[in-house]
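Each chain, letter by letter, is given below.
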Amino acid sequence: MSETPEGGTPLADEYPVYLPDPVVDAAMRMIVELSAQLWVERERRMVTEQLLESRGLLSREDIESFKADPTQVAAIKAERARFLEDVFKELKRIPVGPTHSKSG
Amino acid sequence: MSKVIDSLPSLARRSDAAYLDFVEGFREFILGKGADFEDRLNQALVDEAARRGQDWQDVEHIREFVQQQPLGCLRDRLARTQQEMKWHALVRSFDEQRAKLVGELEHWASRGPGDLLLDPEFVPPSYVNVHFHLQPGGYFKDELSGFLYHWGTKVFFRGDNDADQLHARLTRFVPTPADGRVLRILDMACSVGQSTTAFRRRFPEAEVWGVDYSAPMLKVAHRRAAMLGDEVTFKQALIEHTGFADEYFDLTFAFIVFHELPLRVIEETVREAARVTRKGGVFAVYDFARTADKSPFQRYHRWFDARHNGEPYSQDFCDCDFDGLLRCYGFRVDATPLGQRAGGSGYMQNWFAIRE
Ligand SMILES: C[S@@+](CC[C@H](N)C(=O)[O-])C[C@H]1O[C@@H](n2cnc3c(N)ncnc32)[C@H](O)[C@@H]1O
């Protein structure tokens, strides 16, 4: 963190690395992020399916045969970019260099 | 008075709420029995001390040992990650509705009940330039800092404070002065004002003030209190220089702020509390417990929290003689520990001090 407090314990960098190998460190973060993304999807699907079912609105077949129009395709692409950024932003944070700088 | 109103704004999307729900559960899992990091690492520390034939002295040695353990490194990684994920999700969700939320704050700024007294000349001192608990922008740099903080603590308290139950409980435990007179109450570093309104509910006739230096916090505090119908006043000022007259308050309160102050300001704040609290009045403090006599892992965690969770001053606070400081400025400290728990294993302590 670049801020300068008045005394006290020195703060860690903005993106500290905790595991001996920075790539494994990033992999750990991505696993947690993926788990979050997976949960977000599962929660939404549960809600959606429960709603659709209770209203008798949709069959599984409708989902399988769905064809997105161009606007919908664009929306899905934007969502995909957001998803990729969430999970793989860690890659940008892997420091360059062969050695591991301890988190301290 | 007890209307059920949710003053927390909704998140931009359902998926934001689900994401935070994950973080809340994950946090509980890694800090608690789920991953069981704490007990296992603590046992390793205890075993190592036995092997060396000497108790752990310096936290630096504890740190060295924990960070040699792959499990220790992993635990640190995950502890940091869950905190970063929380803020990442919250900032993005509030960014998406920024204009609307800023408008909300403006809308309530001039409405009552209660007053919001901001100081346009206020210049924050340099020691507050910290992203406490990694909140982006800290307590005041984002105009939505107050909403971010309120949501952040909702996750921190794992859903146990959604109706401000914690604040209601902690303020209820505060003893009244021996003569029973409680006409004016000061909530130091009130943030979003949950203790401030809780005091007003406990003492409906009292004049209750919340003081904080952060305008974004105070705007959220005022909006929340006005929505709830609680008539309190929020004022922008430093708690070490509140600007109130000598002995103005019967009851002065500070909940988890001292560990976020440098030692110099800790002392100035105790002096200020002694100045504004009347003779026989009560100064009630809840804050981090001393860690020197805690388990080796808890000592490690305090250090980790200081360095890796944006709490640079907390270690110094936990090591200082706060009782001695209170006495030095004219308080009598009643040693009645409540053994409070609020989001961690015995991490909080209370000081109920009487102004002599
Ligand atoms: C952890 S919060 C306190 C929680 C709050 N007392 C409650 O009841 O929920 C810390 C608050 O202290 C405020 N603060 C920190 N240092 C301060 C100071 N010197 N003067 C005034 N407010 C301060 C911050 O703006 C922030 O709102």
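Residue positions within a chain follow its written sequence, with the count starting from 1. Starting at A for chains and at 1 for ligands, labels are handed out in the order in which the entities are written. Totals for whole chains, interfaces and linings use all residues, but because this is a predicted model, local features are given only for residues with pLDDT of at least 70 and pairs of side-chain atoms are given and counted only at 80 or more. To get the side-chain values, take all heavy atoms of the structure and skip hydrogens and water.

**Some thoughts on the sheet that holds strand β8 (residues 348-355) of chain B**
Residue and element names in this part refer to chain B.
Then, number 1: The eight strands are arranged β1-β4-β3-β2-β5-β6-β8-β7 in an open sheet whose pairing can be described as mixed. Two strands bound the open sheet, and with one partner strand each, they are β1 (115-117) and β7 (331-334). Here the strands of the sheet are splayed against their neighbours by 20° on average, with no regard to which way each runs.
Then, number 2: Across seven bridges, the pairing between strand β6 (residues 277-288) and β8 is antiparallel. From the neighbouring strand, Y286 faces β8, where its bridge partner is N350.
Then, number 3: Throughout, a contact is declared for two residues whenever any of their heavy atoms are within 4.5 Å. Under this scheme, a helix contributes an axis fitted over its contacting stretch, all axes are lines through C-alpha atoms, and angles between N-to-C directions fall in the 0 to 180 degree range. Secondary structure is summarised from DSSP: a helix means a run of H or I of at least four residues, a strand means a run of E of at least two, and numbering begins at the N terminus for each. On the sheet, helix α8 (residues 194-202) packs against β2 (184-188), β3 (207-212), β4 (233-236) and β5 (249-255) and is oriented at approximately 170° with respect to β3. Strands pair, by our definition, only if DSSP identifies at least two bridges between them.

**A word on the site of the ligand**
Residues and elements named next belong to chain B.
Then, number 1: Near is defined per residue: the residue qualifies when any heavy atom it owns lies within 4 Å of the molecule or strand. Taken together, 21 residues sit near the ligand, with Y127, A189, S195, D212 and I239 positioned nearest.
Then, number 2: N or O atoms closer than or at 3.5 Å make up a polar contact, with two conditions inside protein: a donor-capable atom paired with an acceptor-capable one, and, for residues adjacent in sequence, both atoms drawn from side chains. In this structure, D212 approaches the ligand through a side-chain N or O atom, which is 2.6 Å from an oxygen atom.
Then, number 3: Contact distances for the ligand include 2.9 Å between a nitrogen atom and a side-chain N or O atom of E240.
Then, number 4: In these tables, accessible area is a Shrake-Rupley quantity obtained with a 1.4 Å probe, and a residue counts as shielded only by the protein chains included in the view. Burial of the ligand by the surrounding chains reaches 99%, relative to a free accessible area of 610 Å².
Then, number 5: Gly counts as polar in this scheme, as do all residues outside two lists: the nonpolar Ala, Val, Leu, Ile, Met, Phe, Trp, Tyr, Cys and Pro, and the charged Asp, Glu, Lys and Arg. For the shell around the ligand, the class distribution of residues is 14 nonpolar, four polar and three charged.

**As for the interface of chain B and chain A**
Then, number 1: With 44 residues of chain B in contact, the opposing surface of chain A contributes 38 residues.
Then, number 2: A quick way to say it: buried area is the sum, across both parts, of accessible area lost when two parts are put together, with a 1.4 Å probe. Note on chain B versus chain A: buried area summed over both sides is about 3500 Å², and carbon and sulfur give 55% of it.
Then, number 3: Taken as a group, R14, R77 and R307 of chain B account for 20% of the area that chain B buries against chain A, more than any other trio of residues on that side.
Then, number 4: One speaks of a salt bridge when a side-chain nitrogen belonging to Lys or Arg is within 4 Å of a carboxyl oxygen belonging to Asp or Glu. Summed over the shared surface of chain B and chain A, the result is seven salt bridges.
Then, number 5: For R264 of chain B, the salt bridge is made with E6 of chain A, and the minimal N-O distance between the two is 2.8 Å.

**A short note on the state of the cysteines**
All names here are of chain B.
Then, number 1: The criterion for a disulfide is a pair of cysteine sulfur atoms lying within 2.5 Å. In this structure the tally under the stated criterion is zero disulfides over all chains.
Then, number 2: No disulfide involves C320; its sulfur sits 8.3 Å from that of C318, the nearest cysteine.
Then, number 3: Think of it in three bands: residues with accessible area under 20% of the maximum for their type are buried, residues over 50% are exposed, and the middle band is partly exposed, with areas taken using a 1.4 Å probe on protein chains only. According to the relative accessible area criterion, C320 is buried, its value standing at 15%.

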